[in-house]
Structure formats: C-alpha cells, structure tokens
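# Residue-level structural notes
This is what each chain is made of:
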Amino acid sequence: MADTLTVRLDSKLAEAGSALDVEGVLAVDDFVVGDRVFSAPDGIAYELTITNTGETILAMGSVEACLQGTCDRCLEEARLYLSGDVDALFADDPEAFAEGDDEREIEVLPIVEDVIDLTLPVRSAIAVEIPFKVLCKPDCKGLCPHCGQNLNEGTCDCEARLAAEGDPMNPMSALKAFKTKGGAKEEG
Ligand SMILES: [Zn+2]
Ligand SMILES: [Zn+2]
C-alpha cells in the first residue's frame, strides 16, 4: 500500500472525454479528526473514475475503510465501517474555476506538472463520514459512573446498593438527570 495516491495525466487521459478507472488501497497511519485519533490498518479502498472533461479533470468514485478508535461511552476499541463518495475536480488554474461556482461544493485542486494528487480527497471522503458520537456498538451500555464497571461485560451492584441505602441525597432520578446533562456542573 502506498500512502499517497497520484495519477499522471498521460496519453490515456489526453483527449477530452477520455476516462481512466483506478482502484487500489491507500495506506493511512494516524487518522486525526478534530481531537480524535483513528487508525486504518487496512487502509482506504478506492474505486475512482478519472475523466478529462476538456477544461478540467474530474475524479469521482467510492471509498471504503474500517477505522479503529475509542468508544465514547466505554473507552474500549470501536470499529467504524465507513464508505463515502469522492467528487474532486482538478484544473491547471483552480482559482478560475472556484469563482462563480457557488452552487456546487466541489473541491477544485491544482494539476501540478500533469499529475493529480487524490490523497486528500480520498482521506476527506472517509473523514466526513465519521459520526459525531463514536460507539463500539449502537447499544453500548458504557461504564458505571460509580465504580467504572464496563456494563457491556457485566453488572455491578451500585444501583441496587444505592436503592437499598435509600439515601435521599443520592436518588437514581437525580443521577439520571445529571447524566443527561452530559456531566455539566450546575451552579448554585
Ligand atoms: Zn462502548
Ligand atoms: Zn457500579
């Protein structure tokens, strides 16, 4: 696996209307998105069609990857199976095409010495598919807020103990209200 994806615009793409299919796997080390770090041990698989439209080079297709990260609830490993779409435009003079084309949110990237670099569009197509909340499974039960027990793996007796103690300062209803606020502290 190579960690860059570049395509030389050779004779196969010399004429307007000519197209070239490229497929393969892009190697990815750390995949940093915001303050999260994922890895993609199997890389990003891509299937793209590159078309010479006359004035520009259009690259369209699909990508797939399995990302490994950390579950937001239980802190165990989370695997994300993601697929996305690539839709990138290349031009000798990208700025000429960026102007007056507000309707389409398509990237216009430079053609540098007859080579197009698809590394960023392929990575971005996966990055935008990463969900806001990363979970190891949709119904992950998370950790017990009292003892840290991973509730996917087993139960603890915290709830039963608190209920038995009947502490009016610490009822489960207050705990639930606290949790739904995302742990934000209330003043006063
Ligand atoms: Zn989890
Ligand atoms: Zn517990």
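Residues numbered from 1 in each chain as written. Chains lettered and ligands numbered in written order. Predicted model: local features only at pLDDT ≥ 70, side-chain atom pairs only at ≥ 80, totals over all residues.

The next point concerns the overall build of the protein. Within the protein, the regular secondary structure consists of 4 helices and 7 strands. Counting from the amino terminus, the protein carries its helices and strands in the arrangement β-β-β-β-β-α-β-β-α-α-α. For the protein, the residues scored as buried account for 18% of the 188 residues in total. (Helix = DSSP H or I, 4+ residues; strand = E, 2+ residues; numbered from the N terminus. Buried ≥ 20, exposed ≤ 12 C-beta atoms within 10 Å, placed from the backbone.)

Our focus in this paragraph is unusual backbone geometry. If you check the backbone angles, Leu75 has positive phi at about 70° while not being a glycine. Note that Leu75 resides in the loop between β4 (57-70) and β5 (77-91). Although it is not a glycine, Asp114 adopts a positive phi angle of roughly 65°. Structurally, Asp114 can be placed in the loop between β6 (107-110) and β7 (115-117). Classification of Asp114 by C-beta neighbours within 10 Å gives partly exposed; the count is 13.

For the rest of this paragraph, the subject is the environment of Thr70. Tracing the sequence through the fold places Thr70 in strand β4. The exposure class of Thr70 is partly exposed, given the 15 C-beta atoms found within 10 Å. Not counting residues within four places of it along the chain, the set of residues in contact with Thr70 comprises Leu75, Glu77 and Ala78. (Contact = placed C-beta atoms within 7 Å.)

This next bit is on the environment of Cys147. Examined against the element boundaries, Cys147 turns out to sit in the loop between α2 (119-127) and α3 (158-165). Sequence-distant contacts of Cys147, that is, excluding residues within four places in its chain, are made with Cys156 and Cys158.

Across the 8 residues of α3, 0 count as buried, placing the element largely on the outside. Downstream of α3 by a residue or two, Gly166 has a phi angle that is positive, lying close to 60°.

Next up on the list: the nonpolar core. Core analysis: the biggest nonpolar cluster contains 25 residues, and Ile44, Ala59, Val63 and Val122 have the highest contact counts within it. Where this core is concerned, the elements lending two or more residues are β2 (19-33), β3 (36-52), β4, β5 and α2. Broken down by element, the residue count for this core peaks at 6 residues, all from β3. Residues within four places of Ile44 in sequence aside, it is in contact with Val25, Leu26, Val28, Val63, Ala65, Val122, Arg123 and Ile126. (Core = buried A, V, L, I, M, F, W, Y, C linked by C-beta atoms within 7 Å.)

Quick look at the confidence of the model for the protein now. It should be kept in mind that the predicted coordinates are not to be read in detail where pLDDT is low. With 83% of its residues at a pLDDT of at least 70, the protein reaches an overall mean of 86. For residues 182-188, every residue scores under 50 in pLDDT, and the model assigns this stretch 0 contacts once sequence neighbours within four places are set aside. (pLDDT = per-residue confidence, 0-100.)

Glancing now at the pairing of β5. Remark: a regular strand shows side chains that alternate across the two faces of the sheet. The sheet contact formed by β4 and β5 spans 14 bridges and is antiparallel. Paired with Gly69 across the two strands is Ala78, which belongs to β5. (Pairing = 2+ DSSP bridges.)

This part takes up the environment of Gly24. Along the chain, Gly24 falls in strand β2. C-alpha of Gly24 to C-alpha of Tyr46: the two residues are 22 residues apart in sequence and 5.6 Å apart in space.

In the sheet, β2 pairs with β3 via 13 bridges, with the strands oriented antiparallel. Among the inter-strand pairings, Asp30 is bridged to a residue of β3, identified as Ser39. For β3 and β4, the ladder comprises 10 bridges, and the chain directions are antiparallel. Residue pairing in the sheet places Leu48 in a bridge with Gly61 of β4. What sits between the antiparallel neighbours β3 and β4 is a turn of 4 residues, in which Gly54 has the positive phi angle 110°.

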